[in-house]
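Geometric and topological summary
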Amino acid sequence: MASKRRGSGFFRRGNEWFHGAGLPSDVIVEVDDVSFHLHRFPLMSKCGKIIHLLEGSQDKDKETYCITLNGFPGGPDVFLVATKFCYGFRVALTPKNVILVHVAAEYLEMTEDYGDDNLLATSEHFFHKNVVHNWKDCILALQCYDSAVSDVGTSRIVGKALNALSTMVCTDMSLFGWPLMMYGHLQSPGGSILWNGINTGATIRSIHSDWWFDDIACFSVPLFKGLIEKMKARGIRPERITAAIMHYARTHIPGLDRWQNRQGGRRIANLGMSLTVVDQKFLLESIERLLPEKKGKSFCRFLLGLLRFSIILNTSQSCKESLERRIGMQLELATLDGLLIPTFSYSDNLYDTDSVERIIRHFVSSDTSSCAPFSPSSFDPGASPSSSPLRKVSKLVDSYLAEIAPDVNLKPHKIRTLAEALPKSSRSYNDGLYRALDVYFKAHPWLSNSEKEKLCDIIDYQKLSIDACAHASQNDRLPLRVVLQVLFFEQLHLRASIASYLQNVDGDSNTPVAAGDATEQIVQQDGWTTLVRENRGLKVDMEQMTLRVRELEIELTGIKQNVKRVGKSHKSISSPRLVPRNLGCMPRSSDPQSDSVGRIDPSPRKSMDQPHVHRRSCHAHQRSLSIV
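Residues numbered from 1 in each chain as written. Predicted model: local features only at pLDDT ≥ 70, side-chain atom pairs only at ≥ 80, totals over all residues. Heavy atoms only, no water.

We now examine the side chain of Ser 155. Position of Ser 155 relative to the elements: it lies in the loop between α7 (135-148) and α8 (156-169). The contacts of Ser 155, once residues within four sequence positions are left out, are Val 103 and Glu 106. (Helix = DSSP H or I, 4+ residues; strand = E, 2+ residues; numbered from the N terminus. Contact = heavy atoms within 4.5 Å.)

Below, the structure is given as structure tokens:
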């Protein structure tokens, strides 16, 4: 019996298959340059398509019919499985071929209308029983189908497989295997699972939210797109879908992962998908259409990477404009290195400033509140809400200008256009603009003074800090007119700040707490932190000096009283000319007699008292001079 079965089987000679029964074939079916020499009766008993083709054939008088099946799903191997089923052989269905066999049965119309338990029902029953509830088998079945079929159609069983995957993604994976995660408290000290006190040797594995990213990364673009659409319809959170799309893009676009720290992951089956330039263009354009209208720090970085590669691959203009619009709606979350997009055209500039300019204008013109952030913080752990996105973007643009300023081919009008793309009210300080222009002037020493003055017009000198004004006043790269303007506004700022500070101090002298609050308001409004700190120190020094002057005035009054008392007790030597001489303040006189009188030696008593008075009065006079 076994030999008879083997003898009546199929065998191959080159690119031709024959049935081993020995009967002459009356139907030749060609599938991808492979010929099958078959018989009409077994095929017509199971295949509705073969019946239609034979009945509609114009060569009914021929003994042998030739049928060509172009684009048969699965190729000659799957057709051989269907042929064996028609001849009554038992076919071996596996997760690798079940979807292909089912699709081939649909193509050949092997339904219940042409026989009970036909191939279509048999393959579907096997799929529901053995594949649809197992993640690994379902992934493997779709991968094999995806690799064998060039054009993924809308097959019913493929949709069921995608629905099954989307269901398992949003379900706790601990329910699809053993041991269950709920028994984590029963694990042994070594980490293995205990069952009735017996060590099973199994260990608990941690399940992460991205466990399925690597498995679906092997799908083709149409199949991946179909899975993402099923997930969106099922209500899976946008941040998880976006993370899967980002992982898929980094897998198939070489170099994109350098913009994100990516760790290597596991993969069930690596089918070695190598995408050409045309395929990558189609992939990038398809991914852009799948992305949601959300904002996030890592998501914005991913969009900047996509824009960079869209310029390299020269994708459609609509794709580039959409990426620029998406980035502009969340520009406050971008980083400087992400905006530094190299020029991949024939332009002389190092960086693509035109694209950045369009992104800035999208930010200014768009409503950023319409682009909601991702709800959980787990998708963007580094993201922090900003109270003023406009101020954050202004700092980013100023840093970008300073970074591209050393480019010797960068024209002055491009610097001016980028700086004026944001409104003037967006910058609380213009230090960043001044720094960018200083770097630009240093890298372009051939610029004339008129060109420098036109560029310096974008700076609001009233919004320069003290340090920036100090640097600008000594900067020999700036035109003289600009330096004079900086000095003028610096003086105005200093006068206004000092006057405002002194006015608050005088008005709140009785309430030191309120004066301190007013000073803090000056610091917050004008930003003269260093100046206010120095004024506070000067105020303390002035108070101490005032106390010291009062003490010296009291001491001077006592000295004057002592001088008067001494003058009354020594009337004999208190003549108008002698007392000033004794005090050391007698002006030199031209009268020789007066000099001789002053040089006459007094009596012994007077000679003992006179030096004492002279020293005391001179000492008092010196102290009075030091006070004055």
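Once you've had a look at it, read on.
Right, let's talk about the environment of Val 397 for a bit. By the secondary structure assignment, Val 397 is in helix α17 (residues 389-404). With residues near it in sequence (within four places) discarded, Val 397 still touches Ile 360, Leu 418, Leu 422 and Arg 427.

In this section: the sheet that holds strand β1 (residues 10-13). Strand order in the open sheet formed by 5 strands is β1-β2-β4-β3-β5, with mixed pairing between adjacent strands. Of all the strands in the sheet, just β1 and β5 (65-68) have a single pairing partner and so form its edges. Put simply, the sheet's adjacent strands are angled 20 degrees from each other on average, direction ignored. Sheet topology note: the strand β3 (residues 27-31)/strand β4 (residues 34-38) ladder contains 5 bridges and is antiparallel. What sits directly across from Val 29, in β4, is Phe 36. Contacting β1, β2 (16-19), β3 and β4, helix α4 (residues 75-86) runs over the sheet at an angle of about 10 degrees to β4. (Pairing = 2+ DSSP bridges. Axes fitted to C-alpha atoms, helices over the stretch in contact; angles between N-to-C directions.)

For the rest of this paragraph, the subject is helix α3 (residues 48-55). Inspection of α3 places Gly 48, Ile 50, Ile 51 and Leu 54 among the buried residues, and these make up the whole buried set. Looking straight down α3, one finds its buried side chains confined to an arc of 160 degrees; they lie on one side. Where α3 is buried, its residues contact β3, α2 (40-44), β5 and α5 (98-108). (Buried < 20%, exposed > 50% of the residue type's maximum accessible area, 1.4 Å probe, protein only. Arc of directions from axis to C-beta.)

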